[in-house]
Amino acid sequence: MRDSTRHALERAAELTRQGRLTEAMATAEPVILAADSDESAEIRRWLTDHTDDFTKED
């Protein structure tokens, strides 16, 4: 996965924890939609492995 993709996902997780879901989606959606099939698989694995990043308290 590209560093820029990982950064966007990490930022989206941070925004989600802050209750800023609309901004989180606006951050993550473009990189998810632009990903090729290989990167999409990596994104799915990352999201599965980092579920707590989106739900834990800051």
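Shown above is the structure to which this text applies.
Residues numbered from 1 in each chain as written. Predicted model: local features only at pLDDT ≥ 70, side-chain atom pairs only at ≥ 80, totals over all residues. Heavy atoms only, no water.

Asks: How do you make sense of the overall build of the protein chain when you look at a structure like this?
Replies: Each helix and strand counted, the protein chain has four helices and zero strands in total. Of the regular secondary structure in the protein chain, the N- to C-terminal order runs α-α-α-α. Dimensions of the protein chain, computed from the C-alpha atoms along their principal axes, are close to 30 × 20 × 15 Å. Contacts in the protein chain between residues at least 24 apart in sequence constitute 56% of all its contacts with a sequence separation of at least 6. (Helix = DSSP H or I, 4+ residues; strand = E, 2+ residues; numbered from the N terminus. Contact = heavy atoms within 4.5 Å.)

Asks: It is not clear to me how the environment of R2 should be interpreted in this structure. Could you clarify?
Replies: Inspection of the secondary structure assignment puts R2 in the segment before helix 1 (3-17). Residue R2 is classed as partly exposed on the basis of its relative accessible area, which comes to 44%. Reaching out from R2, the side chain makes a polar contact with the side chain of E39 at a distance of 2.9 Å. (Buried < 20%, exposed > 50% of the residue type's maximum accessible area, 1.4 Å probe, protein only. Polar contact = N/O pair within 3.5 Å; in protein donor to acceptor, adjacent residues only side chain to side chain.)

Asks: Looking at this structure, I do not really get the nonpolar core. What am I missing?
Replies: In globular proteins that are soluble, nonpolar side chains generally tend to be buried together. M1, L9, A12, L15, A24, A28, A35, I43 and W46 form the largest nonpolar core, which has nine residues in total. Among the secondary structure elements, those contributing two or more residues to this core are helix 1, helix 2 (21-34) and helix 3 (37-49). Among the elements that take part in this core, helix 1 stands out by supplying three residues, more than any other. Ignoring anything within four residues of it in the chain, the contact list for M1 reads R6, L9, E39, E42, I43 and W46. (Core = buried A, V, L, I, M, F, W, Y, C linked by side-chain atoms within 4.5 Å.)

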